[in-house]
Amino acid sequence: MAEFNPTILAFCCNWCSYAGADLAGVGRLQMPPNIHVIRVMCSASVKPEYVLKAISGGVDGVLVLGCHIGDCHYMTGNHRTAKRMPLVQKVLKEVGIDERRLRLDWVSASEGEKFQKVVTEFVGEIKNLGPNPMRGVKW
Amino acid sequence: MVNDLGKKLARLAFEERGADFLLVMREEHGNVAPAMVSKGEDVGVVRLEVPYQLVTILENIYPWISKGKIAVITRRCDEKALAELAKRKYVDDKRIIKIGLACTEEQIERCRCEDPVPSHVDVGEPHAGVKGDELSARLAKMSQKDRLAFWVDQYKKCNKCFGCTLTCPVCFCDDDCVLEERTFVAEPSIPPGLSFHMVRSYHMIDKCIECGECERACPAEIPLLTMRKLLAKDMKEVFKFAPGDEKTVSPLNTTLEGELMEDECNER
Amino acid sequence: MSVEHVLTTCPYCGTGCNFFLQVVDGRLTSVVPCKTDEISLGRLCIKGYNAHVFVQHADRLKYPMIREGEQLKKASWDQALDKIVGELEAIKEKHGPDSIAILASAKCTNEENYLFQKLARAVIGTNNVDHCARLCHASTVTGLLHSFGSGAMTNTIPEFDNADCILVTGSNTLEAHPIIGSRMLRAKEKGAKIIVVDPRDTPLSRISYLFLSQRPGTDIAWINGMLKVIIDEGLVNEEFVKTRTAAFEELKEAVRGYAPEKVEQTTGIPKEKLIEAARVYAKADKAMLAYAMGITQHSNGTDIVKGLANLAMVTGHIGKESTGVNPLRGQCNVQGACDSGGLPNLFPGYQRVDDEAVRTKFEKAWGVNLPAKPGLTLTRAMNEAATGKLKAMVIFGENVMISDPDLNHVEEAVKKLEFLAVSDIFLTETAQLADVVLPAACYAEKDGTFTNTDRALRMVRKAVDAPGEARADWVIACDLGKKFGSSGFGFSSPAEIMAEMATVTPIFGGMSYEKIDSKVVRWPCPAKDHPGTRVLHTKKFTRGLGLFAPVQHAPPAEVVSEEYPFILTTGRNLFQYHTGTMTRRSPKLEREAPEPYVEINKGDAKRLGIGDGERVMVSSRRGAITLKARVTERIVQGTVFIPFHYAEAAANKLTNAALDPISNIPEFKVCAAKVAKA
């Protein structure tokens, strides 16, 4: 039985979490390879539509990483994200997709280790959840 | 020809409340039609049991009516829809006169409505709401896998008529609806994938006032109203918010401290 | 400030949904579904919701034009009409009335089509009148006329809800007739079994109970195969066959050679599936057959339709509620254009032109002698134009330059005509070649009636004024009639035209605007107090006994070869409509399906090294087009599909004008093609 290798998107904001991801890389911190990092200027530019499209298309997990509350380069961007993502999770839940496939977290530019921790935890969680059930669905 | 109901509404709207126009439903050519009656015009044989979404119709014609007061037959859900529109400045609620219509028991059951009595009842007998939606209860007992199978089965019937968005009173992005963009709904044919329905669900989560028009307009008879109700419950749990009150702001438009931000719907 | 909601009928497909056109101060702002409409139940498809958009488009023709050399120059109505009359009279004088053909329009109202055929017959003196039904359901008219005596849908759209089995073949119902498709979905929710027989994987087949995928051009094989199973397994409705039909023994004999194994070889349908389909259909309590172009557009289309009639009769699934043989007609008024006599061999009401008693009746009614010889069908007329025998055409609302088969041949034919006049709402590819172009009013700008596929006469009501100097086609027809000197065109309203139609057309005998203004009335409606007819053939068939037709499988006119290894089949998609004149000018529709494409099977694409979205050239013996490839699992290997809506990659450049000998319908559904990277 082949081991499940999840496909995971990680939206990382330019000012904080992407820098944190970079730091983790530079520091050669061990991380599972399943993450595809997508750099965005602010976590608020991650429109819920992208997340929903990704999951509908079969992506196994989506990570949205922004700056800590109070540190957003654009002041209130991460407030938007903080409001949106829980609702996106509910949309997933009601339709029958595990809401844990979407995770929101805050990682600062200096938190290379936190990045590693979040990513490793998330990949593990998705591996437990199994492949996205939308993968097999023929429209 | 005018019926008693028509006479009553005409008097109420034009004489008592100073409206210049009355948006109502009446018999025409053996059918029931929406109608915008001007003061002085024959109101016709008014029929209120056919549930046209008059607020949607109002929203369509409002930009062309530069002056005058418009009386609208409003059920409780219509009042809430107007509140959502007024909040976002799509209508000036000083120009709208609401004529409260209480829904019949049959209508309340059909909509599984918990809040059917308008703030002021001008027509109809008020009845109590019903608790709970049979399908929601069934879904709550299902496993996650079965729930997904259920919704995929339903959404597979979708024919992209856009009836749900076109008839919805709080769907106002007429010319730049995100559901039309390939960026978000990839499939170039029908049925549109799950993202179409999930994106719509997300957009409606802070606006839907559960009028049920989407479900009635769906040729595939997908239980859209049930999905709306499920998410309305979630919205209440997560943010203690329910749409339909002109005084409250959507949590999607406020910071974590409750300060006002730019309306996210204005983001293009 | 005025706001009106005008109840009218959709100008797109033959379902005939009613909706309200919302008009604010003469501007069309929206479409509002009609919740009390028995056909649409307050729902619409995406085209219906956008049916107002093209109406007030800037491209609308606003004034008549007359050709001067390479250009079309603006002219007055009198100049344009005089030119048409002058040219036609000269040609008639020199070459006889049969050198002229009139194309009636499935987009025009019943009243207008009645006048077009009256113009042809009573004024010009020819039976050369036809319209695009020739390209779509001509096989239905001839096939069912033979089997039942009446060529129309035998039951009604609302009845689909209550069927417990619906066999759908050659119809991509959810895309071509969405609201009828939604009825099938309702039936399914109630437990109905939907059987789909189609070479393509369609939205309906994906939710069907049984999906049989056959090679294009093998329909009689599977139909006869099902008949044999029904006979062999004792599922024949003996009572019905004995009392209501004739020629059963011939049928039994004809299907003897169609054992399921043999059918599998010919069609590709696994024999277990064929047997099950036959059993489910035969054993159902109320089974309906629904079909469209996949059945009719073949060089043996008439025979295939007769095959379906055989199926319904052998099982007794006809003449009762929620049963029958149900052709889904394409255009908003193609049924009506046929009913109103826009056919070369039939007067209004399907009365034959070569029947002396009938002709005498019309001669009395119209006060002129009438030609006895049946005229040219549209497809034959094109051939005659190409050889120079046909000299002139007047085309009302049809874009032959995109909708007819073998477009290169059509272009030759049209360009060879000595005179061509076109009346349309936009400057179509056909109008661009005309000598005189007349600007016509569309459905939203005139009163009249459309007959939908289930024989209901639906009112079309004027909501806005026509742009510029555009006139309703009934006005144009009357103007022409008068200019020709005829006294039979003095109508001041469509209601008057309908009144005259009712006097000469028994199936419309009881129709009047007062009656249908507030009621859904289906023909036959022979008398004033008659409520109309929902289900046909309840006690006896129109011809008396239903006639079984022993038909045999025949290969398509053009089969695959080494040089042309693919079967090319053409059809529709949900968002565009026919030649695209209306839908391509509606932004929301255009946006959904903006480009031409060819659907090619994943395996085939891989073999040819073609990726999804790559440009490919598809060619046949008649022409070639370049367009994007859509690699999909939704089509069988060896077959490619191209929708015919896109002028820039017109599928009909490739199609074969091989005609069914009885109905003259072209074989749009099968021809041989090759595919290569462009």
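Thresholds, definitions, all that
Residues numbered from 1 in each chain as written. Chains lettered and ligands numbered in written order. Predicted model: local features only at pLDDT ≥ 70, side-chain atom pairs only at ≥ 80, totals over all residues. Helix = DSSP H or I, 4+ residues; strand = E, 2+ residues; numbered from the N terminus. Rg over C-alpha atoms; globule rule 2.2 N^0.38 Å. Buried ≥ 20, exposed ≤ 12 C-beta atoms within 10 Å, placed from the backbone. Contact = placed C-beta atoms within 7 Å. Core = buried A, V, L, I, M, F, W, Y, C linked by C-beta atoms within 7 Å. Axes fitted to C-alpha atoms, helices over the stretch in contact; angles between N-to-C directions. Left-handed = near helix turned anticlockwise from the far one by under 90°. Nonpolar A, V, L, I, M, F, W, Y, C, P; charged D, E, K, R; others polar. Pairing = 2+ DSSP bridges. Parallel < 35°, antiparallel > 145°, perpendicular 65-115°, else oblique. Domains from an automatic or database assignment.

**Things to note about the overall build of chain A**
The number of helices and strands found in chain A is 4 helices and 4 strands. Of the regular secondary structure in chain A, the N- to C-terminal order runs β-α-β-α-β-α-β-α. Taking 139 residues into account, the globule formula puts the C-alpha radius of gyration at 14 Å, and chain A, at 15 Å, falls close to it. For chain A, the spread of C-alpha atoms along the principal axes amounts to about 40 × 30 × 20 Å. Residues classed as buried in chain A amount to 55% of the 139 residues present.

**A short note on the overall build of chain C**
Per the secondary structure count, chain C includes 24 helices and 30 strands. Relative to the 2.2 N^0.38 estimate, which gives 26 Å for 678 residues, the radius of gyration of chain C is 24 Å and therefore close to what a compact globule would have. Along the longest, intermediate and shortest principal axes, the C-alpha atoms of chain C span 70 × 60 × 55 Å. Going through the 678 residues of chain C one by one, you find that 63% of them count as buried. Contacts spanning at least 24 positions in sequence make up 73% of the contacts within chain C whose residues lie at least 6 apart.

**With respect to the arrangement of the chains**
Take the 2 pairs of chains in contact: the one carrying the most contacts is chains B and C. There is no contact between chain A and chain C; across them, the least C-alpha separation is 8 Å.

**Concerning the nonpolar core**
In terms of nonpolar packing, the biggest core is built from 361 residues, with Leu22(B), Leu23(B), Ile166(C) and Val640(C) touching the most fellow members. The contact partners of Leu23(B), leaving out residues within four places of it in the chain, are Met36(B), Leu54(B), Ile57(B), Leu58(B), Ile70(B), Ala71(B), Val72(B) and Ile73(B).

**Comments concerning the packing of helix 3 (residues 110–124) of chain C against helix 21 (residues 494–504) of chain C**
All names here are of chain C. Between helix 3 and helix 21, the least distance of the axes is 9 Å, while the angle of their chain directions is 65°. Read as a crossing pair, helix 3 and helix 21 show a hand that is left-handed. The segment helix 3 lies against helix 21, with Glu111, Tyr114 and Leu115 engaging Pro494, Ile497, Met498 and Met501. Among the residues forming the contact of helix 3 with helix 21, the class breakdown is 6 nonpolar, no polar and 1 charged.

**Remarks on the interface of chain A and chain B**
Contacts between the two partners involve 27 residues from chain A and, on the opposite side, 31 residues from chain B. Elements represented by at least two residues in the side of chain A that touches chain B include exactly helix 2 (48–56) and helix 3 (77–95) of chain A. It is helix 3 of chain A that contributes the most residues to the side of chain A that touches chain B, 12 residues altogether. For the side of chain A that touches chain B, the per-class residue count stands at 14 nonpolar, 5 polar and 8 charged.

**Some thoughts on the environment of Val598(C)**
Residues and elements named next belong to chain C. Inspection of the secondary structure puts valine 598 in strand 24 (residues 597–601). Considering only alpha carbons, one finds valine 598 and alanine 649, 51 residues apart in sequence, at a separation of 10.0 Å. Setting aside residues up to four positions removed in sequence, valine 598 forms contacts with Val616, Val618, Leu627, Ala629, Arg630, Val640, Phe641 and Ile642.

**Concerning the interface of chain C and chain B**
The partner chain B presents 34 residues to the 40 residues of chain C that form the contact. With 6 residues, helix 7 (residues 178–189) of chain C is the largest single contributor of residues to the side of chain C that touches chain B. The residue makeup of the side of chain C that touches chain B, split by class, is 20 nonpolar, 8 polar and 12 charged.

**Things to note about the sheet that holds strand 4 (residues 102–106) of chain A**
Residue and element names in this part refer to chain A. Pairing is parallel across the open sheet formed by 4 strands, whose spatial order is 2-1-3-4. Each edge of the sheet is formed by a strand with only one pairing partner; in this case those strands are strand 2 (35–40) and strand 4. Ignoring which end each strand starts from, the neighbouring axes of this sheet average 20° apart. Helix 1 (residues 17–26) contacts strand 1 (8–13), strand 2 and strand 3 (61–66) of the sheet and is inclined by roughly 115° relative to strand 1.

**Regarding the packing of helix 3 of chain C against helix 20 (residues 473–483) of chain C**
Residue and element names in this part refer to chain C. Relative to each other, helix 3 and helix 20 sit at 20°, their axes nearing to 8 Å. Between helix 3 and helix 20, the angle is such that the two are roughly parallel. Considering only the axes of helix 3 and helix 20, their crossing is left-handed. Of the residues in helix 20, those in contact with Glu111, Glu112, Leu115, Phe116, Leu119 and Val123 of helix 3 are Asp473, Trp474, Ala477, Cys478, Leu480 and Gly481. Residues that form the contact of helix 3 with helix 20 fall into these classes: 8 nonpolar, 1 polar and 3 charged.

**What about the domain arrangement of chain C?**
The domain architecture assigned to chain C consists of domain 1 (3–49), domain 2 (65–128 + 332–522), domain 3 (138–328) and domain 4 (566–677). Put simply, the middle of domain 2 of chain C and the middle of domain 3 of chain C, counted by C-alpha atoms, are 34 Å apart.

**Overview of helix 1 of chain A**
All names here are of chain A. Taking burial as the measure, the 10 residues of helix 1 include 7 buried ones, the bulk of the element. Buried within helix 1 we find Ser17, Tyr18, Ala19, Gly20, Ala21, Leu23 and Ala24. Structurally, helix 1 contributes buried residues whose contacts are with strand 1, strand 2, strand 3 and helix 4 (112–129). Positive phi shows up at arginine 28, right after helix 1, with a value of about 50°.

**Things to note about unusual backbone geometry**
Following Trp523(C), the chain continues to Pro524(C) via a peptide bond in cis, the omega torsion being 5°. For Pro524(C), the position within the fold is in the loop between strand 21 (521–522) and strand 22 (546–547). With phi around 65°, Lys89(B) is a residue other than glycine that occupies positive phi space. Note that Lys89(B) resides in the loop between helix 3 (76–87) and strand 4 (96–100). Lys89(B) gets classed as exposed once you count the C-beta atoms within 10 Å, which come to 9.

**Description of the pairing of strand 26 (residues 623–632) of chain C**
All names here are of chain C. Examined bridge by bridge, strand 24 and strand 26 share 5 bridges and lie parallel to one another. Note that in strand 26 the partner of asparagine 601 across the bridge is threonine 632. Both strand 25 (residues 615–620) and strand 26 contribute to a ladder of 6 bridges, which runs antiparallel. Following the sheet pairing, valine 616 is matched in strand 26 by leucine 627. Counted along the chain from strand 25 to the antiparallel partner strand 26, the turn is 2 residues long.

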